[in-house]
Amino acid sequence: MVKEETLARYLEALLQGDRTTCRSVVEETMQRGVPANSIYLHLIWPVMAEIERLARGDRITAVQEHLATRINRTIVDQLQNKLPRRPARNKKVAVCCARDELQELGAQIITDLFESDGWQVRFLGGGLTNDDIFAYINEYAPDVLLIYGTTPKQAPDVRRLIDRIRMVNAWPEMRIIVSGGLFNRAEGLWEEIGADGFAATAAEVLQAAVD
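These numbers were taken from a predicted model, which means no experiment stands behind them.

Digging into the overall build of the chain
And then number 1: The helix and strand tally for the chain stands at ten helices and five strands.
And then number 2: For 211 residues, the compact-globule formula gives about 17 Å, and the C-alpha radius of gyration of the chain, at 17 Å, lands near that figure.
And then number 3: The C-alpha extent of the chain, read off along each of the three principal axes, is 50 × 40 × 25 Å.
And then number 4: With an accessible surface of roughly 10,300 Å², the chain has 48% of that area assigned to carbon and sulfur atoms.

Structure representation (structure tokens):
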């Protein structure tokens, strides 16, 4: 487990844009025997959520938020190859973000954890229309579609995508799971928009996918 003082030190360095200290905190944590997947779950993800909370409350500047997000993404990119590799599950997942999602890091973390767990993964990210995502689902036919979003204005578009998938019903066995701050802050929203499951944290994503 990652200690509270480690979280605090990492967060402070992130908000200062101090890449060197951030890398040092991660390296020291790994040297204490904490594996890469635990750093994803218990350091990167909770600090990322805290940064989102601080930004929503106007307690940090836009520059601090951007610096922190980019450093976190760099750290995740470096850790990805250190994640464990479990046997193939012969299951496919597609991970996408709401169309105007600027904070793709949470979805990237989820993607890496799926891959580590033996899933065949495709990370679509943000910036795609519902038509783009719908066409890709038709081609890839995943067992799970995970949709990540952080802001309330994204909810109607996510609902439209899910409604369209349900209406066509070409993939009746495909589970749709949602994650991200958008769904954390609005209790029951995931059910209201027609998703099959909801993961409040990265630690819950894999469990939601296999339940």
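Things to note about empty space enclosed by the protein
And then number 1: In this structure the tally under the stated criterion is two cavities of 30 Å³ or more.
And then number 2: Computed from the structure, the largest cavity encloses a volume of approximately 80 Å³.
And then number 3: As for the largest cavity, its lining consists of Met 48, Ile 51, Glu 52, Glu 65, Ala 68, Thr 69, Asn 72, Gln 103 and Leu 105.
And then number 4: Of all the elements in the fold, those that place two or more residues in the lining of the largest cavity are helix H3 (36-56) and helix H4 (62-79).

Quick word on unusual backbone geometry
And then number 1: Unusually for a residue other than glycine, Asp 58 sits at a positive phi of about 55°.
And then number 2: In this structure, Asp 58 sits in the loop between H3 and H4.
And then number 3: On the accessibility criterion, Asp 58 (69% relative accessible area) is exposed.
And then number 4: Here the phi dihedral of Asn 90 falls at roughly 60°; this positive angle occurs in a residue that is not glycine.
And then number 5: The class of Asn 90 is exposed, set by a relative accessible area of 73%.

Considering the environment of Ala 209
And then number 1: The topology assignment puts Ala 209 in helix H10 (residues 202-210).
And then number 2: According to the relative accessible area criterion, Ala 209 is buried, its value standing at 7%.
And then number 3: Taking C-alpha positions, Ala 209 is 22 Å from Gln 103, a pair spaced 106 residues apart along the chain.
And then number 4: Ignoring sequence-local partners within four residues, the contact set of Ala 209 consists of Phe 114, Trp 119, Val 144, Arg 175 and Ile 177.

A closer look at the sheet that holds strand E1 (residues 92-97)
And then number 1: Sheet architecture is open: five strands sit in the order E2-E1-E3-E4-E5, paired in parallel fashion. Both outer strands of the open sheet, strand E2 (120-125) and strand E5 (197-199), are each paired with one neighbouring strand and no more. Strand-to-strand twist across the sheet, computed as the mean angle between neighbouring axes with direction ignored, equals 20°.
And then number 2: Along the sheet face, helix H5 (residues 105-116) touches E1, E2, strand E3 (144-148) and strand E4 (175-179) and points at about 170° away from the line of E2.
And then number 3: Each of E3 and E4 touches helix H7 (residues 155-168); the most contacted strand, E3, lies at about 165° to it.

Section: the pattern of salt bridges
A side chain of one charge can pair with a side chain of the opposite charge if their charged atoms are brought near each other.
And then number 1: This structure, assessed with the given rule, holds eight salt bridges.
And then number 2: Here Asp 196 makes a salt bridge to Arg 166, at a shortest N to O gap of 3.0 Å. Placement of Asp 196 in the loop between helix H9 (189-192) and E5 and of Arg 166 in helix H7 is noted, with a sequence separation of 30 residues between them.
And then number 3: On the basis of relative accessibility, which here comes to 33%, the residue Asp 196 falls in the partly exposed class.

Brief notes about the side chain of Ser 116
And then number 1: Tracing the backbone shows Ser 116 in helix H5.
And then number 2: On the basis of relative accessibility, which here comes to 2%, the residue Ser 116 falls in the buried class.
And then number 3: Here Pro 84 takes part through its backbone oxygen, which lies 2.6 Å from a polar atom of the side chain of Ser 116.
And then number 4: Apart from the residues within four sequence positions on either side, Ser 116 is in contact with Leu 83, Pro 84, Arg 85 and Arg 86.

Quick notes on H7
Each α-helix winds once per 3.6 residues, and so residues spaced three or four apart point in a common direction.
And then number 1: An ideal rise of 1.5 Å per residue puts 20 Å on 14 residues; H7 measures up with 20 Å between its terminal C-alpha atoms.
And then number 2: Buried within H7 we find Ala 155, Val 158, Leu 161, Ile 162 and Ile 165. Seen along its axis, H7 keeps its buried residues to an arc of 130°; they face one direction.
And then number 3: The inward-facing, buried residues of H7 contact helix H6 (130-140), E3, E4, helix H8 (181-184) and H9.
And then number 4: Once H7 finishes, Asn 169 follows within two positions and takes phi at roughly 55°, a positive value.

Parameters at a glance
- Residues numbered from 1 in each chain as written.
- Predicted model: local features only at pLDDT ≥ 70, side-chain atom pairs only at ≥ 80, totals over all residues.
- Heavy atoms only, no water.
- Helix = DSSP H or I, 4+ residues; strand = E, 2+ residues; numbered from the N terminus.
- Rg over C-alpha atoms; globule rule 2.2 N^0.38 Å.
- Areas by Shrake-Rupley, 256 points an atom, 1.4 Å probe, with all protein chains shown as cover.
- 1 Å grid on protein atoms, 1.4 Å probe; cavity = no way out; pocket = protein on both sides within 12 Å on 5 of 7 lines; lining within 4 Å.
- Points joined across faces, edges and corners; volume = space filled by probe spheres on them.
- Buried < 20%, exposed > 50% of the residue type's maximum accessible area, 1.4 Å probe, protein only.
- Contact = heavy atoms within 4.5 Å.
- Pairing = 2+ DSSP bridges.
- Axes fitted to C-alpha atoms, helices over the stretch in contact; angles between N-to-C directions.
- Salt bridge = Lys/Arg side-chain N within 4 Å of Asp/Glu carboxyl O.
- Polar contact = N/O pair within 3.5 Å; in protein donor to acceptor, adjacent residues only side chain to side chain.
- Expected span 1.5 Å × (residues − 1).
- Arc of directions from axis to C-beta.

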